[in-house]
Amino acid sequence: MKILMTLIGTVMLAGGASAQEAPATDPAQMLEGVARAMLKELDTNRAEYRKDPAKIDALVEKDLLPHFDTEYAARLVLGQHWRDATPEQRQRFVSAFYHSMEANYGHSLIDFTGDRLKVFPTKMGADTDRTTVRTEVKRDNGSIVPVNYSMRRGPDGWKAWDVVIDGISYVKSFREDFGAEIDQKGLDEVITRMESGGKPAGKS
């Protein structure tokens, strides 16, 4: 699971930068274009980001997370608990989930370089509103890991809502962990722990 978390932090780089820097009608081109834009920023100021890690958090919040459909992913992670949650609980969970992603994944990007990412073209019809973008990421030991982004098109264009790394779904793994913990402790206690910076049971 620790390997999964690290890889998610790395490949989520492809969600960064401004959606206007790449064609929003093609999710694969969008992912690759914004990834290269963010890589350019990291390459230019890498020493500064290493010196002040807080700047990575700001970069992630500004350039990366807006291209991940956090609310939709949070709904899927909660599963049946979403239906039972109050509007306030839903809002708190989405917010806590968003900030936990920002905190947990940002620092994984600091050493990421362009030669580690390959994005494959995506074939789809003009009216398609859901698709999967296939990519590959090279790990530190040289091995290649397949990474698939589940994408959906909404009013704001294409956004990723799940990342499947080497067959392991980001949403599914969190749903299993959060679901078991909520069953044991209740949703309010889990949200409070998340708001204080904690991770779901089993995550490290």
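Residues numbered from 1 in each chain as written. Predicted model: local features only at pLDDT ≥ 70, side-chain atom pairs only at ≥ 80, totals over all residues. Heavy atoms only, no water.

Q: I would appreciate a short explanation of the nonpolar core in the present structure.
A: Most often, soluble globular proteins keep nonpolar side chains buried together rather than apart. By size, the foremost hydrophobic cluster in this structure holds 49 residues, and its most contacted members are F93, F97, Y149, M151, Y170 and F178. Sorting elements by how many residues they give to this core places helix 2 (residues 27-51) first, with 8 residues. With residues near it in sequence (within four places) discarded, F97 still touches T70, A73, A74, V77, Y170, F174, F178 and M194. (Core = buried A, V, L, I, M, F, W, Y, C linked by side-chain atoms within 4.5 Å. Buried < 20%, exposed > 50% of the residue type's maximum accessible area, 1.4 Å probe, protein only. Helix = DSSP H or I, 4+ residues; strand = E, 2+ residues; numbered from the N terminus. Contact = heavy atoms within 4.5 Å.)

Q: Can you help me understand the packing of helix 4 (residues 70-78) against helix 7 (residues 170-185) in this one?
A: To describe two helices that pack against each other, one gives the angle between their axes and the distance between the axes. At their nearest, the axes of helix 4 and helix 7 sit 7 Å apart, and the two run at 50 degrees to each other. When the axes of helix 4 and helix 7 are compared, the pair comes out oblique. From helix 4, A73, L76, V77 and L78 reach across to helix 7, where they touch V171, F174, R175, F178 and I182. Considering only residue class, the contact of helix 4 with helix 7 consists of 8 nonpolar, no polar and 1 charged. (Axes fitted to C-alpha atoms, helices over the stretch in contact; angles between N-to-C directions. Parallel < 35°, antiparallel > 145°, perpendicular 65-115°, else oblique. Nonpolar A, V, L, I, M, F, W, Y, C, P; charged D, E, K, R; others polar.)

Q: Where do I start with the pairing of strand 4 (residues 157-165) in this structure?
A: Two faces, one strand: in a regular strand the side chains alternate between the faces of the sheet. With 7 of its 9 residues buried, strand 4 lies for the most part within the structure. Bridge count between strand 3 (residues 144-154) and strand 4: 8 bridges; the pairing is antiparallel. Bridged to R152 within strand 4 is K159. In this structure, the hairpin formed by strand 3 and strand 4 is closed by a connection of 2 residues. Hairpin geometry of strand 4 and strand 5 (residues 168-169) is characterised by an intervening segment of 2 residues between the two adjacent antiparallel strands and by a positive phi of about 50 degrees at D166. (Pairing = 2+ DSSP bridges.)

Q: I tried to follow the sheet that holds strand 4 on my own but got confused; where do I start?
A: Strand pairing in a sheet relies on backbone hydrogen bonds. The paired strands run either parallel or antiparallel. If you trace the 5 strands from one edge of the open sheet to the other, you get 1-2-3-4-5, paired in antiparallel fashion. Looking at which strands have only one partner, the edges of the open sheet turn out to be strand 1 (117-119) and strand 5.

Q: Can you walk me through unusual backbone geometry in this structure?
A: Note: most residues except glycine have negative phi, and most peptide bonds are trans. Unlike most non-glycine residues, D166 shows phi in positive territory, near 50 degrees. Relative to the helices and strands, D166 is located in the loop between strand 4 and strand 5.

Q: In this structure, what is going on with the pattern of salt bridges? I would like to understand it.
A: Opposite charge on two side chains permits them to pair, given that their charged atoms come into close proximity. Counted according to the given criterion, the structure contains 7 salt bridges. Residue K55 pairs with E48 through a salt bridge whose shortest N-O separation is 2.3 Å. The partly exposed category is assigned to K55, whose relative accessible area is 33%. The class for E48 is partly exposed, based on a relative accessible area of 37%. (Salt bridge = Lys/Arg side-chain N within 4 Å of Asp/Glu carboxyl O.)

Q: What's the story with the side chain of Q89 in this structure? I'm lost.
A: If you trace the backbone, Q89 turns up in helix 6 (residues 87-105). On the accessibility criterion, Q89 (14% relative accessible area) is buried. Among residues more than four places away in sequence, those in contact with Q89 are D84, L187, D188 and I191.

Q: In this structure, what is going on with the environment of L59? I would like to understand it.
A: By the secondary structure assignment, L59 is in helix 3 (residues 54-64). Given a relative accessible area of 5%, L59 falls into the buried group. Through-space distance from the C-alpha of L59 to that of L42 is 9.5 Å; in sequence the pair is 17 residues apart. Setting aside chain neighbours within four positions, we find L59 in contact with M38, E41, L42, Y49 and L64.

Q: So what exactly am I meant to see when it comes to helix 7 here?
A: Counting along an α-helix, one turn takes 3.6 residues, and residues three or four places apart therefore face a common direction. Taking 1.5 Å as the rise per residue, helix 7 with 16 residues should run 22 Å; its terminal C-alpha atoms sit 22 Å apart, in good agreement. Immediately beyond the C-terminal end of helix 7, within one or two residues, lies G186, with a positive phi of roughly 95 degrees. (Expected span 1.5 Å × (residues − 1).)

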